[in-house]
Amino acid sequence: MSLTFTTVIGLEIHVQLATKTKLFCGCSTDYIGAVPNTNVCPLCTGQPGTLPVLNERAVELGTRAGLALGCRINKVTRFDRKNYFYPDLPKAYQISEFYVPLAEKGSLTLLGDDGEPHRVGITRLHLEEDAGKLVHGASDGRIVGSTQSFVDYNRSSVPLAEIVSDPDITSPRMAKDYVSTVRQMVRYLGVSDGDMEKGSMRVDANISLKVSDGRWGDRVEIKNMNSLKALERALEYEIERQSGILSDGGRIKQETRNWDDSAGVTSSSRSKEESNDYRYFTEPDLPPLVLSQDFIDDIARSLPELPWEKKARYEVEFALPADDIAVLTEHRELAQFFEDCVSYGSTPSRASNWVRTEVLRVLNEGDGDLATFPIRPKSLSALLKLVEDKKISTTAAKEVFESMIPGVDLDRAMEICGVTAGSLTGDALVGVVRSVIASNEDVVDIIKSGQDKKDKKKKFLQGQIMKEARGQADPKEVSALIDSELSL
Amino acid sequence: MDLYRLSACDIVREIKEGRCSCLEVVQSCLGRVDDVEPEVHAMISLWRDQSIARAKELDARLASGEDIGPLGGVPVILKDNMCTSGQETTCASEILKGWKPPYDATVVELLKEAGAVILGKANLDEFAMGGSTENSAFGVTSNPWDLERVPGGSSGGSAAAVSAGYVPISLGSDTGGSIRQPAAFCGIYGLKPTYGRVSRYGLVAFASSLDQIGPFARTVEDLARVMEVIGVSDPKDSTSQEVDRSDFSVALRRADLKGKKIGIIEEIDAYDYDPRVKKALEDTVKACRDEGADIVPISLKTAIEYGMACYYILAPAEASSNLARYDGVRYGHSAKDASSVVDLYLKTRREGFGDEVKRRILTGTYVLSAGFYDAYYLKAQKVRKAIKEEFARAFEKVDSIVLPASPTPAFKIGELIDDPMAMYMADVFTIPVNMAGLPGLSMNVGLSQEGLPLGVQFIGPRWGEEELIGTAAVMERRFGKAEIAHREVK
């Protein structure tokens, strides 16, 4: 009898909140690239006698994220101590929210494996402080084989929001989608950079398999997946590993395993967190956190349109292809740029094309910062209107666009490119036709001698004239003028 | 007259009116320390040069017409669990021997702003855990009234320093009675403020929800003066409350106790404790009556019968977490030749902590551990809530409560050190006050026949420091100010 397996995945995502200072002290959170142990103070290095003071902005950002995930925000919460010994934890306890989280019981709707919408529940979102960073002396940076380890407390006490999903995720693809959606959401909200490579977003997975003969494999925790790709690969590997064991009639060991991206395998981790009794108790140094309904309502009102809401709206309002919508809505700032162009009068499809191809191209070539991009939606819109109204050709418009990039305004750019809005016609066009004819005597001779079969040479002249006219001439008029000038 | 004998308020007046200099006062106090310290051993570190330099600096500012503050020129001593920037702060432990904090505790900043001169750091039971100052890694402190007896604990050094006349005021900390009990043993005033009245920022934590810093003094006026300086809300301490800065001038002038209701606890009547202390309490109750107070019997059954058990679950639990940071990685003692991180932790803490501290860490870890949390920690929290409510109901009927500070006067050095449980039992009258977060004031009401100080305690409602100061002011007029311990020291 052949066995089938149902995958059950739950994900824990830690996002670093985009505050200027740490969760309980005034030290800067800007630790990437900082000299070790320079963004520290007596509190975040656990000196005796120090006391935590809660960062209000972190609470705001956590509440924002909780509301966006459809969670209920708990009005009265308390912090708790999670006690364990490790050199990167200066107080030997982490201040977290264990008993009552800031937010709970939300959900995200993703694409199911069957193509239908699939609801993934959010168990909770809570605030906690980060630990410091350990650097091990061995050449591969791993703890095994190191005779020395170093600890950097710059990251200690940086604020995190931990988002825990219900075990509703049913495939590695969906896991990737879930993380990608959460990442996009936190960026939209300005809650976090959500950068997995830089570490401002970390994902741990819990995965187990249900067997068609009624058995349940035990849950395994997977850590050290540092990209979306790694997440997917690690989960795929685990499914294979676990189903292999279960097929042979074996049992899954409940444990924590580390993903090794270069080897492409998970391996058992002798993690510090195994069989630890954290002895959670309520943090006596912090009073209860009491949020008023006004506080919550204000934040709810200030939420921007969320990525999935925007996508849905674009489908209805703009009738653009799904792939295009995905690109436009990937980043909130880009979507805003696009929407601004439309509100200045551009047709959605033209604005979509230009934003996705031209604007995005230039951004990707440079530093990618839309905020400092010199061409504003209003100007781009004006340029596109000229194309709409057939006053300049698309080709000309692209040239003008290039000229505008260093910060030149539309009119000046058009001057520089020698493009005039409106058609080149009548005497002005005659002048151009005559000038081209004069520069192409040999071609003219061929036409006049009647050897221009299929009008190839005439088309060549036409092309040259159109080029000179920067596409602003009417092709029919050009053709007629050539005929009359050459007495054809 | 010997300047060291003056109260803090008198010193401020004398200096302000130009009858003596800050330097003269400090020198007088240092002289007293030199005379008595070899026998009393109240100090862990003496700041001789720094205090002289500071006194000179204050004198210079005075000379230029500056107001040097409400404690201008007053020498003070701090319990050595309060962080003093750049100066050794040991908590009487090997694990912090030589450690110099990179910052000042808020109370230290406030004292400095007020013009005080810090003379040094006083001995204590290690990490404030104890009732006799015998648990110090740096030796035992003797009671200035009888050198073979303990000064009480854990703030024994701070109490002895004021009692012996080193300084007119000192600061201690009280988690389960560590100000009030030594005050009674040493014959002086000690005040544990309402929880949240005085900032804990810079106080090395023992039990975060119970610890409070408070003053020792020989006069009620001095107690009030210090409270005015340190009883200020602090944004660096999230448990410090926004309460108005106290003004005790009205309370200090209270004429009598007419119209006041003072509670006596029924359960204590039934308690078997030292007859000398019993008599002292009776004398106090009689004095209150004579001053016009109504004496009202009240019941605090949960507080008296369960307060201790509750405390010895909750305090060690918090301590086990607060003391986990001492691991040899960032500061303090670090074991040499450790073969791994775990080995470093084990050796450092084994070498650095004394027995009582280890006992409490073990107890605390146990009551928080999986499978025991509900039965112990959670249960104790519920009992604590019941105690708070019991006191709240009592204060609907009375303005303050009078009871002993300790079941006995000062016991002999070595008498209880081998019996931790017996030592714990000595806290029965002080612990419930911390559990409820209320203010408590300890005062001396006389000497036993053997010449041992006998003290009593008043408990006030939350933020009731004024009530306590007022009552103590009335009592002071009857029983007299506290005296510098008088016995032959040379």
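Residues numbered from 1 in each chain as written. Chains lettered and ligands numbered in written order. Predicted model: local features only at pLDDT ≥ 70, side-chain atom pairs only at ≥ 80, totals over all residues. Heavy atoms only, no water.

1. Remarks on the sheet that holds strand β1 (residues 43-46) of chain B
Residue and element names in this part refer to chain B.
Point 1. A sheet is described by the order of its strands in space; here 11 strands give the open sequence β1-β3-β2-β4-β6-β5-β10-β11-β9-β7-β8, paired in mixed fashion. Each of the sheet's edge strands pairs with one partner strand only, and the pair in question is β1 and β8 (294-298). Adjacent strand axes in the sheet meet at a mean angle of 30° when their direction is disregarded.
Point 2. Pairing geometry for strand β4 (residues 169-174) and strand β6 (residues 212-217), over six bridges, is antiparallel. Opposite S170, over in β6, you have F216 as the bridge partner.
Point 3. The strands touched by helix α4 (residues 106-113) within the sheet are β2 (75-79), β3 (117-122), β4 and β6, with β2 carrying the most contacts at an inclination of about 180°. (Pairing = 2+ DSSP bridges. Helix = DSSP H or I, 4+ residues; strand = E, 2+ residues; numbered from the N terminus. Axes fitted to C-alpha atoms, helices over the stretch in contact; angles between N-to-C directions. Contact = heavy atoms within 4.5 Å.)

2. Looking at the pattern of salt bridges
Point 1. Applying the stated rule across the entire model yields 65 salt bridges over all chains.
Point 2. The partner of A:D213 in a salt bridge is A:R215, and the shortest N-O contact between them spans 3.2 Å.
Point 3. For A:D213, a relative accessible area of 38% corresponds to the partly exposed category.
Point 4. Here B:K412 and B:E148 are joined by a salt bridge, their closest N and O atoms 3.7 Å apart. In this pair, B:K412 sits in the loop between β9 (400-404) and α15 (420-425) while B:E148 sits in the loop between β3 and α5 (156-163), placing the two residues 264 residues apart along the sequence.
Point 5. Of the residues examined, B:K412 reaches a relative accessible area of 34% and is grouped as partly exposed. (Salt bridge = Lys/Arg side-chain N within 4 Å of Asp/Glu carboxyl O. Buried < 20%, exposed > 50% of the residue type's maximum accessible area, 1.4 Å probe, protein only.)

3. Describing the layout of surface pockets
Point 1. In this structure, the second largest pocket encloses a volume near 860 Å³.
Point 2. Around the second largest pocket sit 34 residues that line it, and A:R78, B:Y195, B:S209, B:R384 and B:K388 are the ones nearest its centre.
Point 3. Put simply, the parts of the chain that give the lining of the second largest pocket at least two residues each are α11 (301-322) and α14 (374-394) of chain B.
Point 4. In terms of residue count, the dominant contributor to the lining of the second largest pocket is α14(B) (eight residues). (1 Å grid on protein atoms, 1.4 Å probe; cavity = no way out; pocket = protein on both sides within 12 Å on 5 of 7 lines; lining within 4 Å. Points joined across faces, edges and corners; volume = space filled by probe spheres on them.)

4. Some words on the packing of aromatic side chains
Point 1. Enumeration according to the criterion identifies 30 aromatic pairs over all chains in this entry.
Point 2. Ring centres of A:Y84 and A:Y278 lie 5.7 Å apart, and the angle between their planes is 70°; this geometry places the pair in the edge-to-face category. Placement of the pair is A:Y84 in the loop between β4 (80-83) and β5 (93-96) and A:Y278 in the loop between β14 (265-268) and β15 (281-282), with a sequence separation of 194 residues.
Point 3. On the basis of relative accessibility, which here comes to 13%, the residue A:Y278 falls in the buried class.
Point 4. Ring geometry for A:F98 versus A:Y99: centroids 4.9 Å apart, planes at 80°, classification edge-to-face.
Point 5. Since its relative accessible area comes to 33%, A:F98 is described here as partly exposed.
Point 6. Sitting above the plane of the A:Y93 ring, A:R81 keeps its charged end 4.0 Å from the centroid.
Point 7. If you follow B:K278 out to its NZ or CZ, it ends over the ring of B:Y273, 5.0 Å from the centre. (Phe/Tyr/Trp six-rings, centres within 6.5 Å; stacked < 30°, edge-to-face > 60°. Lys NZ or Arg CZ within 6 Å of the ring centre and 35° of its normal.)

5. With respect to the packing of helix α6 (residues 322-330) of chain A against helix α8 (residues 348-365) of chain A
For any two helices packed against each other, one specifies the inter-axial angle together with the distance between the axes.
All names here are of chain A.
Point 1. Between α6 and α8, whose axes approach to 10 Å, the crossing angle comes to 55°. Taken together, the axes of α6 and α8 lie oblique to each other. The element α6 and its partner α8 pack so that their crossing is left-handed. Residues D324, V327 and L328 of α6 touch α8, and the partners they reach there are S352, V355, R356 and L360.
Point 2. The class makeup of the residues in the contact of α6 with α8 is four nonpolar, one polar and two charged. (Parallel < 35°, antiparallel > 145°, perpendicular 65-115°, else oblique. Left-handed = near helix turned anticlockwise from the far one by under 90°. Nonpolar A, V, L, I, M, F, W, Y, C, P; charged D, E, K, R; others polar.)

6. So, the confidence of the model for chain B
Low pLDDT means the predicted coordinates in that region are not meant to be read closely.
Point 1. Taken over all residues, the pLDDT of chain B has a mean of 96, while the share at 70 or more is 99%.
Point 2. Scored as a whole, the predicted complex attains pTM 0.89, and scored at its interfaces, ipTM 0.95. (pLDDT = per-residue confidence, 0-100.)

7. Observations concerning the sheet that holds β5(A)
Point 1. Read from one edge of the open sheet, three strands run β5-β4-β15 (chain A), paired in antiparallel fashion. Each edge of the open sheet carries a strand with a single partner, namely β5 and β15 of chain A.
Point 2. When β4(A) meets β5(A), the two strands line up antiparallel, connected through four bridges. Its bridge partner lying in β5(A), A:N83 is registered against A:Y93.
Point 3. Its contacts with the sheet place α11(B) against β4, β5 and β15 of chain A, and it is angled at close to 60° to β4(A).

8. What to know about the pairing of β2(B)
Residues and elements named next belong to chain B.
Point 1. β2 sits mainly inside the fold: five of its five residues count as buried.
Point 2. For β2 and β3, the ladder comprises five bridges, and the chain directions are parallel. When the sheet's bridge partners are listed, I77 is paired in β3 with G120.
Point 3. Between the parallel elements β2 and β3, the chain passes through α4 in a crossover that is right-handed.
Point 4. In terms of strand pairing, β2 meets β4 through three bridges, oriented parallel. Residue pairing for β4: I77 is matched across the bridge by S170. (Right-handed = clockwise from strand over helix to strand, strands pointing away.)

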